[in-house]
Amino acid sequence: MPFLNEEVKEWIALELQSLGVEDLAVYALEAGTEGDERRVMVATEVGLLDHRYAPFGSSARYRLAMLMYPWQVLRGVELRADTFRLWAREHRTRWSFRLHHPHFEAATESPDLGQALCDLARVCAVMAEPFGVPAGRVSSDVPGVIPGGPRPIPPTGDAPEPGEGGADAGDESTEPAEASSDVSGNGTADTPPAEAAQRPTAVPIGDDEEILDLSDEERAAVPTRSDDPS
């Protein structure tokens, strides 16, 4: 890592010691208009440490500023590789890495720096939480969910009685009862008992989750994931 001097290494080592973690991957590059700054990304088990090493007041004094991003907030991990032929038996690979949040871009044709960039990309891809879906769960596991979007409203036992809260509230309170009769083992006139028993039930929403009412245009604009059914 050519842009890491002994002072930066020592200060980052002190940070890791205070956090009680070890570095999983490290990448540094030049920053600033005059090339006198350094940006150092350090991947750890608790999050991504974003460092900026720059002059503080004068070129004789430097400081190292760090901001930690927990893995749950990382978004948009991209790694690209372009391999091209130089001569008959020689080739070169250009590695490009990008993070959408926090914003970070780096590219290199050096084999050693390319390996360091791949290490950083691998750790970020494994540790970062998938977009729009809770950790350990894919959107295809949720019945009736819009790919990449919010989960459906589940039936609740504390719905208002008919007549309370106006006509709209009465209409909403009758929908869960009708849904529950459809998924019962007896079935209905339109649904056989075997088919009704296999129908998935709604999944309760968690804390701090919000139900969104999307239009057809907004549903079409919702990004999808590679593990969602087409």
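For every chain, the first residue of its written sequence is number 1, and the numbers climb from 1 along that sequence. Reporting of local features is limited, given that this is a predicted model, to residues whose pLDDT is at least 70; pairs of side-chain atoms are given and counted only at 80 or more, and all residues count toward the totals for whole chains, interfaces and linings. To obtain the side-chain values, all non-hydrogen atoms of the structure were used and water was disregarded.

Student: Can you walk me through the environment of Leu 67 in this structure?
Tutor: By secondary structure assignment, the location of Leu 67 is in strand 4 (residues 58-70). Taking the C-alpha atoms as reference points, Leu 67 and Arg 52, separated by 15 residues in sequence, lie 8.9 Å from one another. Any two residues whose heavy atoms approach within 4.5 Å at even a single point are treated as in contact. Leu 67 has contacts with Leu 48, Leu 49 and Asp 50, leaving out every residue within four places of it along the chain. Runs of E in the DSSP output that reach at least two residues are strands. Runs of H or I that reach at least four are helices, and both are numbered from the N terminus.

Student: Explanation requested: a nonpolar patch on the surface in the structure shown.
Tutor: Patch construction takes residues with relative accessible area above 30% that form no salt bridge. Like charges are linked within 9 Å, and nonpolar side chains (Val, Leu, Ile, Met, Phe, Trp, Tyr) are linked within 5 Å. Where accessible areas are quoted, they stem from the Shrake-Rupley method and a 1.4 Å probe; at the residue level, only the protein chains shown are allowed to cover. Salt bridges are defined as contacts in which a side-chain nitrogen from Lys or Arg sits within 4 Å of a carboxyl oxygen from Asp or Glu. A cluster of nonpolar side chains, Leu 19, Val 46, Met 66 and Met 68, forms an exposed patch at the surface whose accessible area comes to about 290 Å². Its place among the elements puts Val 46 in the loop between strand 2 (37-43) and strand 3 (47-56). Accessibility here uses a 1.4 Å probe with only protein chains present; expressed as a share of the type maximum, an area under 20% marks a residue as buried, one over 50% as exposed, and anything in between as partly exposed. With a relative accessible area of 37%, Val 46 lands in the partly exposed category.

Student: I'm lost on the nonpolar core in this one. Help?
Tutor: In summary, soluble globular proteins display a tendency toward joint burial of nonpolar side chains. Residues enter a nonpolar core if they are buried and are Ala, Val, Leu, Ile, Met, Phe, Trp, Tyr or Cys, with the set joined through side-chain atoms within 4.5 Å. In this structure, Tyr 27, Leu 48, Leu 74, Phe 97, Phe 104 and Leu 120 are the most contacted members of the largest nonpolar core, which totals 21 residues. When residues of this core are traced back to their parent elements, those giving at least two are strand 1 (25-31), strand 2, strand 6 (90-101), strand 7 (104-108) and helix 2 (111-127). Per-element tally for this core: the top contributor is helix 2, with seven residues. Setting aside anything within four residues of it in sequence, one finds Phe 104 in contact with Tyr 27, Leu 29, Arg 39, Met 41, Phe 97, Arg 98, Leu 99 and Leu 120. If you look at the next biggest cluster of nonpolar residues, it comprises 11 residues, including Val 21, Ala 28, Val 42 and Leu 64.

Student: Is there a simple way to think about the packing of aromatic side chains in this case?
Tutor: For Phe, Tyr and Trp, rings pair up if their centres lie within 6.5 Å, where Trp contributes its six-membered ring, and each pair is then called stacked (planes under 30 degrees apart), edge-to-face (over 60) or tilted (otherwise). Using the criterion set out here, one finds three aromatic pairs in the structure. Where Tyr 53 meets Tyr 62, the ring centres are 4.8 Å apart and the plane angle is 25°; that geometry is what we call stacked. For Tyr 53, a relative accessible area of 6% corresponds to the buried category. Given a relative accessible area of 27%, Tyr 62 falls into the partly exposed group. Cluster of aromatic residues (ring-pair linked, three or more members): Trp 11, Tyr 53 and Tyr 62.

Student: Please explain the side chain of Thr 93 as it appears in this structure.
Tutor: Within the secondary structure, Thr 93 sits in strand 6. With near-sequence residues (within four places) excluded, Thr 93 lies in contact with Ala 81, Asp 82, Thr 83, Thr 108 and Glu 109.

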